[in-house]
Amino acid sequence: MCRSACVGLRAKGNNATADFLGMLHMTTTALPPPPTAPDAPAFLTPALDNWRGAIAAALVLSVIAIAALPAAAAFWTVGALVALVAATFVVNAFRRHYYGGLLVAPAIAMLFVMNIFPLLWSLGLSFFAYQSNRQTMKFVGLHNYIQALTSDIKAPENWANLQTTAVFVVCTVAAQMLVGFLLALLFAKQFPLRRYLLILVLTPMMLSVVAVGVFYTYYYDPTFGLVSQVVNRMCGCQYVLMSNRAGAIGGIVFADAWMWSPFVMLLVLAGLVSVPKYLYEAASIDRVSSWRSFWTITFPYIRGLLMLALLFRTIEAFKLADLVILLTKGGNGTMTISYHVLRIAQEQNKTSEGAALSYLLLFVVIVLTNLYLYVANRRSQEA
Amino acid sequence: MADIITKTPIWEKLGFRKASGVSEAGWGHTALAAIVSLIYFFPVLVIIITSFKLQTDALAVPAKLFPTSLFGLLPESMTFKPTLENFTSVFSRAFTNGGAVENTGFDRFFFNSLFIAGTSVLLALVIGTLAAFGFSRYPLKGNDTYLFIILTTRMLPAVVVIIPVMLMLRVVGLSGSYLGIILLYTAFNLPFTIWMMKSFFDELSPDVEDAARIDGSSDRRVFFKICLPQVLAGLAATFVFGIILTWNEFLFALLLSSVDTRTVPVAMSQAVSGGGIGVLWGLLAAIETLFLIPVFLVTFFMQNQLLRGVTFGTVKR
């Protein structure tokens, strides 16, 4: 399942069918044949579908515009030229029946403008010395990266934050997988009132992270917090959860795991309900033990989804910042790397330093993801 | 035919029935599940209870958890008097002690949340469905690579993207406007919309479409009359999932919204820190309770679709 979800996308090979149908179409009906695609226009024709010409013209004109016009006007000129090129692509696709590209284009354009272009921009910024509260900008090459990795002050701090993040990733993901899995087993059967109890378990996922963070400080508060009230009653001492590192990490892990275990539960549940029931019936006729029937029937169905859940939650756990901000503000050794990046880039205005550091983080995430997908793919091919 | 005539009794609608063809567990299982889910739900329950408490009750030790004493069954120290004051003061309250009652602007923030989440999810649905149909029916060269890159955009740490987006929107003059934040959220919702809708389109049998083409339907007609009606459930699933993700988004909203376009999570975080008298727990709880209701209802009525949505459509029910 993970294979079909993440890696091995099956392409629909219905071209052959289409050709066959096309022949059928021509021979059996009296309708006119489908229009054939006109030839591509010559390079210099001022036609609306001459995209090669449009790209060349746009490149020349935008260089001129950037050199000659003020920044804002140049920006809009370049924008208009890009729109022109896009329009020629659209007309070209229409005239030649490239419906695939035409349908996909708006989505790709949107993702390019809001995700990929900013990404390249921040890659560019990471090679400059730039602070968002100053106007100066100086090219410094790899200086920011070298600083982040080898500087006496910054490198140990980054390294420590990365280690804290690793602790969070391992703890939260393990807790979420375990709790989510157990909850899914509980809800896999049909029983009275199931619908109503399921929605109760799903509610934490729907809460705003701000409310969760702030209310967990309420629960953990040393004087009126519910947790400390219960513990104080039991041990007769003053209990402060967040006073040491283990307690602080535990507190954040608990809140995060509580909030996101339902997500893992939903994924596993989707796998559990998709197991055909006749397999269990056959197993019970053969008197297979329930342990064995779990491992040989149920588990293969949910393995892919467990891996998907593991992937999603690990990526999210790497980004963990908001709960840390709300619960400890990074104190007591709970500073995570993405909060650190956020602080550098946002609060200290060191935009390019933050960009460099987040690229290092992105590199780690991509390497880990690809390693994981590689292993998952190999495993599922062996099985 | 018989089930058209027989009316479903009310208790069956409430879930007191045996679902067909699924392994059954009885009321014992229900009891176990009820205990577990109530424990799991308890922190949310405390938030809801707190929204009916005055600040003094919210800070009381030992905690007052019950709104009534159940005719004297519970001691006075465990009960509080429920009040609706928090809910009215969400929308208008006096900011200083004894000052005039002012509008807090939360009606606006609730509208912003609804408008921004709704528009961006719908926009992503339109663009994403078209793209998914393209990916599914007219595969491009390197189709898989495109799809994988689209999924990777979900993996980026928000920080990497957010700073250039802020700079970009400032240059274009869209910073703090509805359009800017809606476009960003649309891009944020697109990847899983495309993935989910593609898996729904992949499942449809191409025979029906081919039959329609033989009968002379145009490609556009095939899409609107044949394919789209068959994936309505998929559209609903994608919508619910998108709403849940967008509704509570905090970081982008914090950095991109202005006073006019502020969403509720951002306003909530500011209501928490404002005033210098510590957190007003009852007020915060009331905001969250109100904010939870819409998404709770949507999820409740589209629960089955959600199960599908969360797997990016990879699991068939």
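A short tour of the structure in this document, coming up.

Reading the values: the criteria
- Residues numbered from 1 in each chain as written.
- Chains lettered and ligands numbered in written order.
- Predicted model: local features only at pLDDT ≥ 70, side-chain atom pairs only at ≥ 80, totals over all residues.
- Heavy atoms only, no water.
- Helix = DSSP H or I, 4+ residues; strand = E, 2+ residues; numbered from the N terminus.
- Polar contact = N/O pair within 3.5 Å; in protein donor to acceptor, adjacent residues only side chain to side chain.
- Contact = heavy atoms within 4.5 Å.
- Core = buried A, V, L, I, M, F, W, Y, C linked by side-chain atoms within 4.5 Å.
- Buried < 20%, exposed > 50% of the residue type's maximum accessible area, 1.4 Å probe, protein only.
- Domains from an automatic or database assignment.
- Patch = residues over 30% accessible without salt bridge, like charges linked within 9 Å, V, L, I, M, F, W, Y side chains within 5 Å.
- Areas by Shrake-Rupley, 256 points an atom, 1.4 Å probe, with all protein chains shown as cover.
- Salt bridge = Lys/Arg side-chain N within 4 Å of Asp/Glu carboxyl O.
- Expected span 1.5 Å × (residues − 1).
- Bend = angle between axes of the 7 residues up to and from the residue.
- Axes fitted to C-alpha atoms, helices over the stretch in contact; angles between N-to-C directions.
- Parallel < 35°, antiparallel > 145°, perpendicular 65-115°, else oblique.
- Nonpolar A, V, L, I, M, F, W, Y, C, P; charged D, E, K, R; others polar.

### Considerations on the side chain of Ser269 of chain B
Structurally, Ser269 of chain B is set in helix α14 (residues 264–273). Of the polar contacts made by the side chain of Ser269 of chain B, one reaches the backbone oxygen of Val266 of chain B; its length is 2.8 Å. Once residues lying within four places of it in the same chain are set aside, the contact partners of Ser269 of chain B are Val210 of chain A together with Phe250 of chain B.

### Concerning the nonpolar core
Within the largest apolar cluster, 165 residues are counted, with the highest numbers of intra-cluster contacts made by Phe187 and Met265 of chain A together with Phe201 of chain B. Here this core spans two domains, since at least three of its residues come from each of domain 1 (38–140) and domain 2 (148–382) of chain A. For Phe187 of chain A, the residues in contact, after removing those within four places along its chain, are Arg194, Leu197, Leu198, Val201, Met265 and Leu269 of chain A together with Ser37 of chain B. Ranked by size, the runner-up nonpolar core spans six residues in total, among them Ala148, Val341 and Leu357 of chain A together with Val159 of chain B.

### Thoughts on a nonpolar patch on the surface
All names here are of chain A. On the surface, Phe363, Val364, Val367, Leu368, Leu371, Tyr374 and Val375 cluster together to form a nonpolar patch covering roughly 640 Å² of accessible area. Looking at the element boundaries, Val364 is found in helix α16 (residues 351–382). By relative accessible area, Val364 is classed as partly exposed at 30%.

### Notes on the side chain of Thr193 of chain B
Residue and element names in this part refer to chain B. Relative to the elements of secondary structure, Thr193 occurs in helix α9 (residues 178–203). When its relative accessible area of 2% is taken as the criterion, Thr193 is described as buried. Setting aside anything within four residues of it in sequence, one finds Thr193 in contact with Ala124, Leu125, Gly128 and Thr238.

### Some remarks on helix α15 (residues 281–301) of chain B
The first and last C-alpha atoms of α15 of chain B sit 30 Å apart over 21 residues, in line with the 30 Å expected at 1.5 Å per residue. Considering bend angle alone, the principal kink of α15 of chain B is centred on Ile293 of chain B and spans about 30°; proline Pro294 of chain B follows within four residues of it.

### So, the packing of helix α9 (residues 209–220) of chain A against helix α10 (residues 226–235) of chain A
The axes of two packed helices give the description: the angle between them and the distance between them. All names here are of chain A. Two elements in contact, α9 and α10, have axes separated by 4 Å at closest approach and are oriented at 20°. Comparing their axes, α10 and α9 come out roughly parallel. For the pair formed by α9 and α10, the contact residues are Tyr218, Tyr219 and Tyr220 on the first element and Leu226, Val227 and Ser228 on the second. In the contact of α9 with α10, the residues fall into five nonpolar, one polar and no charged.

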